[in-house]
Amino acid sequence: ENARLIEGERARQKIEEELNIARDIQASLLPRHLPCTGWLCAAGRSTPSRQVGGDYFDLHQIGPTIWALVNADVSGKGVSSALLASLLQGVFLAAPYTSLPMEQAMARINAFLLERTGGEKYATVFCGTLDRDGLLRYVNAGHGDPLLVRLDGHLQPLHATGLPIGLREEATYAAEEIRLGPGDKLVLYTDG
């Protein structure tokens, strides 16, 4: 009985070690440095409810005056959601460099996710581009409404423009545009 208990404890410790490695890898996928000079100042944090999770955010420069941003939340918790979030990271890192409009890129990502998961997993996603002149062009695929906090304190939610990705084959994604002014803040979040 003791030998069986010791073996069970060793197996549990091995799983724990592997989850710790997975947590470290997932943390390394998040941006290490966010811009905070000139016209754009960004901050971000991700704390999974378990050792690993399906929440993901990124912000990276795609032109001299334009930044791409994404905030995603894969359904469920744990390792399967973390793996899918990692897959989405690769897709979104490549997306701004394609010649496809944002709406078509999201439709392709939807088809890609459906093909890989058979509709068993989906993700809510807010993605967009922000230019120095304040123009935010975005698609909100079923994500919790980001809040645009105007300099005067007025809150403006950015409602969904489509269904979560990976949920329905016939889903369509509309892009919206809004202009941010000096001192405005865009607050993105997930429920994870």
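Attention here is on the structure that accompanies the text. (Residues numbered from 1 in each chain as written. Predicted model: local features only at pLDDT ≥ 70, side-chain atom pairs only at ≥ 80, totals over all residues. Heavy atoms only, no water.)

**Quick word on the sheet that holds strand E3 (residues 55-63)**
Reading across from one edge, E3-E4-E5-E6-E9 is the order of the five strands in this open sheet, with antiparallel pairing throughout. This sheet does not close on itself; its edge strands, each paired only once, are E3 and strand E9 (176-179). Going across the sheet, the axis of each strand differs from the next one's by a mean of 20°, ignoring polarity. Strand direction decides the pairing type here: strand E6 (residues 135-141) and E9, joined by four bridges, are antiparallel. Pairing of Arg137 across the sheet is with Glu177, part of E9. (Pairing = 2+ DSSP bridges. Helix = DSSP H or I, 4+ residues; strand = E, 2+ residues; numbered from the N terminus. Axes fitted to C-alpha atoms, helices over the stretch in contact; angles between N-to-C directions.)

**Side note on the environment of Leu84**
With respect to the helices and strands, Leu84 occurs in helix H2 (residues 79-94). For Leu84 and Lys121, which are 37 residues apart along the polypeptide, the C-alpha to C-alpha distance reads 8.5 Å. Excluding anything up to four places from it in sequence, Leu84 contacts Val74, Leu113, Thr117 and Lys121. (Contact = heavy atoms within 4.5 Å.)

**Looking at the side chain of Lys121**
By the secondary structure assignment, Lys121 is in the loop between helix H3 (102-117) and strand E5 (123-131). Although Lys121 lies buried, it forms no salt bridge, and the closest oppositely charged side chain, Asp73, sits 8.8 Å away as judged by the N-O distance. At a separation of 2.6 Å, a polar atom in the side chain of Lys121 contacts the main-chain carbonyl oxygen of Ser75. If we ignore the near neighbours within four places in the chain, the residues touching Lys121 are Val74, Ser75, Gly76, Ser80, Ser81, Leu84, Leu113 and Gly166. (Buried < 20%, exposed > 50% of the residue type's maximum accessible area, 1.4 Å probe, protein only. Lys, Arg positive; Asp, Glu negative; His and termini not counted. Salt bridge = Lys/Arg side-chain N within 4 Å of Asp/Glu carboxyl O. Polar contact = N/O pair within 3.5 Å; in protein donor to acceptor, adjacent residues only side chain to side chain.)

**Observations concerning H3**
The terminal C-alpha atoms of H3 lie 22 Å apart, and with 16 residues this matches the ideal 22 Å at 1.5 Å per residue to within 8%. Where H3 is concerned, the buried positions are Met102, Ala105, Met106, Ile109, Asn110, Leu113, Leu114 and Thr117. Looking at the buried residues of H3, the elements they touch are H2, E5 and E6. Positive backbone phi, approximately 65°, marks Gly118, located one or two places after H3. (Expected span 1.5 Å × (residues − 1).)

**With respect to the state of the cysteines**
A full pass over the atoms with the stated rule returns one disulfide. Here Cys36 connects covalently by a disulfide to Cys41, the sulfurs 1.8 Å from one another. The sign of the -65° torsion about the S-S bond sets the Cys36-Cys41 disulfide as left-handed. Taking the relative accessible area as the measure of exposure, Cys36 reaches 47% and is therefore partly exposed. A relative accessible area of 53% means that Cys41 is categorised as exposed. (Disulfide = S-S within 2.5 Å.)

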